[in-house]
Amino acid sequence: QKLRKFCHQYHLAMYQQYATTHDSCRDEGLRISFLKMSNAAVNQPNRNAAAWPRSKFLMLIAIPLLAYCGASLAFDVFELKSAWQDCNDFSGSHGCVTKQQLPPTEIRTVQDRHYAESDEYFTLCSRKILRKNMPKLPENVTLNFGAPDWNRNKSHVIVARHKRIYGQTGNHLRAFFKSFDMARDAGATLAIHDEGFPIDSPLNEVFLGLHGNNPHRNRLLEENFGLLVIGPRDEMPSYVSKNASIEVVKSSSMFWYKSELSLHGRKQHRQYLLQHLYQITADEMKKHPDSTRVVNMCSPLWAFFGKDIKGPENNEKMVNGTRYIMNITEKYSVVHSRFFEGNGYKSLEKMHKKFGVDPKASIDLPPDYITSILTPLGMQNKSIIIIADGKNTEPVNRLKSDPGIGHLIHLVPPDVSSMIGDMMIGILGDVFIGNPASTFSWFIAQSRNALGLDHSYLFLKRQKENSTNRSDDNSKRGRYWEIFCNDDCLYDEYPRTGRNASASDG
């Protein structure tokens, strides 16, 4: 009986070793077969030892049976190794990186596989994103899915609660990013459900290629971001400890979580996440350029520039059967006008106390506020596209009536305007001017930073009257704005702006 138990346990150990090692292989069929073999070993004693005799008289044949059991085990191991080699051969020809092939400090990136359409760039809504301009992750730091020193302990799993999501899209995005901070600080594995938060919102609202119809979605999320995707009953994969501590966390708790990770560490991890999410999105756009999701995401940009982005010489555009004639320049700036359902000034006051930003300007949008940013960039005579929540039309009307820049102001056509479309036109603009109290603006600015697109402005304040940096012309008019706080401010902790204001943001 002891020999039979030993043989059975040894078989089981070998099956499970190969099953778990095989977890990251691209060929799901082979992985499932390994797991089935493992389960069979659990449910059935070793077939060669099942009928071992128990009487002392027949113990004389125990040694030959043990030899037979060992030979059988060797044969099984040989078969498993052969299958594993077949999997490696398959994986190598399809760009799969297995766990055994990964050195401890190597970063798994989609650039190294088939997602990238070019070594030099990828394309979002017909606009090229140059890889050479994207921030590079440091080579001298041990990273796990872009996060420094993230020990994904399989005995501790943090599960993002998928119901009763906090706030709107901007809040959902921030909560999603903060969930990684929470898991990293706790040394835990991060799990999400296959519906609700964050898979439906914000991931499927903001990015492409992660919908439920994609058979590789769960693998993409685990291989690129370290996320486990589980069903509604919290079923964990076999390699998670049966006695694991499962901690379910609300999205609101994730939104307000303050990480132990340094600002620089948070910054590089956000850049990693956004670069990979948009590369997967670009791959989906390439495979399905005319899908409804792609059209919704890109229609605002195409309404101005056409699908082929021809520039100012082609001012007549057809979008969804509607003809638009616009005097648009090839380079353009985007201004985000946000009113927060009347709570905007209260939110800005919080930002004023934390960062020193002007407590009114990013809501009122005085024309000199805009021109003080655009003039040094040579963009003062280029088109300005407004993306707005529609809650307060006064700032937009003020800009349109200004004699200096009024003729440059454009609004996204209402029949193609959408949350994701407005977001993309802001991300892909030459200049972005946002509201520091809006998580929507923060996300656009963070995305631009991760994709290597400069000139995002959220942090401005009025220059002091006695400043020596003011030009004579601006000094006479009493109009001068100081741009302060570099990109690091985009990754600082978001201050509490009041329950109503923060929960309604988007």
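Right above here is the structure, for reference.
Please read these numbers as outputs of a predicted model, since none were measured by experiment.

Can you break down the packing of helix 9 (residues 292-305) against helix 14 (residues 419-427) residue by residue, with the values?
Contact geometry for helix 9 and helix 14: axes closest at 6 Å, N-to-C directions at 55°. Judged by the inter-axis angle, helix 9 sits oblique to helix 14. Between helix 9 and helix 14 lies a crossing whose hand is right-handed. On helix 14, the residues that touch Asn296, Met297, Pro300, Leu301 and Phe304 of helix 9 are Ile420, Gly421, Asp422, Met424 and Ile425. A per-class count over the contact of helix 9 with helix 14 returns 7 nonpolar, 2 polar and 1 charged.

Quick rundown of the packing of aromatic side chains? Include the residues and the values.
All chains considered together, the criterion is met by 16 aromatic pairs. Measuring from centroid to centroid gives 4.6 Å for Phe255 and Trp256, while their planes differ by 85°, and the two rings are edge-to-face. A relative accessible area of 1% places Phe255 in the buried class. Centre to centre, the rings of Tyr369 and Trp481 are 5.1 Å apart; their planes meet at 90°, and the pair counts as edge-to-face. In this pair, Tyr369 sits in helix 12 (residues 367-374) while Trp481 sits in strand 17 (residues 481-483), placing the two residues 112 residues apart along the sequence. Under the relative-accessibility criterion, Tyr369 is labelled buried at 2%. Cluster of aromatic residues (ring-pair linked, three or more members): Phe145, Trp150, Phe176, Phe177, Phe180, Phe207, Tyr278 and Phe443. Lying across the ring of Tyr121, Lys128 places its NZ or CZ 4.6 Å from the centre. In this structure, Lys354 packs its charged tip against the face of Phe355, placed 5.4 Å from the ring centre.

Hey, could you go over the state of the cysteines for me, with residue numbers and the actual values?
Counted by the stated rule, this structure contains 2 disulfides. At a sulfur-sulfur separation of 2.1 Å, the disulfide partner of Cys125 is Cys298. Of note, the bridge from Cys125 to Cys298 carries an S-S torsion of about -75° and is left-handed in sense. Placement of Cys125 in the loop between strand 1 (121-124) and strand 2 (127-130) and of Cys298 in helix 9 is noted, with a sequence separation of 173 residues between them. For Cys298, a relative accessible area of 0% translates into the label buried.

Residue-level account of the pairing of strand 11 (residues 332-337), with values.
Most of strand 11 sits inside the fold, with 6 of its 6 residues counted as buried. Here strand 11 shows a buried face lined by Tyr332, Val334 and His336 and a second buried face lined by Ser333, Val335 and Ser337. Bridge count for strand 11 against strand 12 (residues 383-388) is 6 bridges, and the pairing is parallel. Looking at strand 12, one finds that Ser333 is bridged to Ile384. Bridging between strand 11 and strand 14 (residues 431-433) involves 3 bridges; their strand directions are parallel. Bridge pairing in strand 14 places Val334 opposite Phe432.

Let's hear about the sheet that holds strand 14: which residues, and what values?
The 5 strands are arranged 13-12-11-14-15 in an open sheet whose pairing can be described as parallel. Each edge of the open sheet is held by one strand with a lone partner, namely strand 13 (409-411) and strand 15 (456-457). In this sheet, strand 13 lies alongside strand 12 in parallel orientation, the contact comprising 3 bridges. Counterpart to Ile386 in the pairing with strand 13 is Leu411. Along the sheet, helix 15 (residues 439-450) contacts strand 11, strand 12, strand 14 and strand 15; its crossing angle with strand 14, the most-contacted strand, is approximately 155°.

Can you lay out helix 8 (residues 263-287) for me, pointing to particular residues and giving the numbers?
Here helix 8 contains 25 residues, and its C-alpha end-to-end distance of 36 Å stays within 8% of the 36 Å for a straight helix at 1.5 Å per residue. Among the 25 residues that make up helix 8, 21 are buried, leaving the element largely enclosed by the rest of the structure.

Account for the sheet that holds strand 7 (residues 227-230), with residues named and values stated.
The parallel open sheet is built from 4 strands, whose spatial order is 7-6-5-8. Edge positions in the sheet fall to strand 7 and strand 8 (245-249), since each has one partner strand and no second. Taken over all neighbouring pairs, the strand axes of this sheet differ in orientation by 30° on average, direction set aside. Sheet analysis places strand 6 (residues 188-193) next to strand 7, joined by 4 bridges and oriented parallel. Of the residues in strand 7, the one forming a bridge with Leu190 is Leu227.

Parameters at a glance
For every chain, the first residue of its written sequence is number 1, and the numbers climb from 1 along that sequence. Thresholds applied to this predicted model are a pLDDT of at least 70 for local features of residues and 80 or more for the giving and counting of side-chain atom pairs; totals over whole chains, interfaces and linings are not thresholded and use all residues. Side-chain measures were taken over the full set of non-hydrogen atoms in the model, leaving aside hydrogen atoms and water. Here an angle of 0 to 180 degrees is reported between the N-to-C directions of two axes, which are lines fitted to C-alpha atoms, with helices fitted over the stretch in contact. A run of H or I in DSSP counts as a helix once it spans at least four residues, and a run of E counts as a strand once it spans at least two, with each numbered from the N terminus. Roughly parallel refers to an angle under 35 degrees, roughly antiparallel to one over 145, roughly perpendicular to one between 65 and 115, and oblique to any angle outside these ranges. In this scheme the handedness of a crossing depends on how the near helix is turned from the far one: anticlockwise by less than a right angle means left-handed, clockwise means right-handed. Every residue pair with non-hydrogen atoms within 4.5 Å of one another is taken to be in contact. Residue classes follow a fixed rule: Ala, Val, Leu, Ile, Met, Phe, Trp, Tyr, Cys and Pro count as nonpolar, while Asp, Glu, Lys and Arg count as charged, and any other residue, Gly among them, counts as polar. Geometry of aromatic contacts follows a simple scheme: Phe, Tyr and Trp rings, the Trp one being its six-membered ring, pair when their centres are within 6.5 Å, and the pair is stacked under 30 degrees between planes, edge-to-face over 60, tilted otherwise. Remark: exposure states derive from per-residue accessible area (1.4 Å probe, protein chains only) relative to the maximum for the residue type, with buried under 20%, exposed over 50%, and partly exposed in between. The criterion is that NZ of a Lys, or CZ of an Arg, lies within 6 Å of the ring centre and within 35 degrees of the ring normal, and then a charge sits over that ring. Defined by distance alone, a disulfide is two cysteine sulfur atoms within 2.5 Å. When DSSP finds at least two bridges between two strands, those strands are taken to pair. To estimate the expected span of a helix, count its residues, drop one, and scale the result by 1.5 Å.

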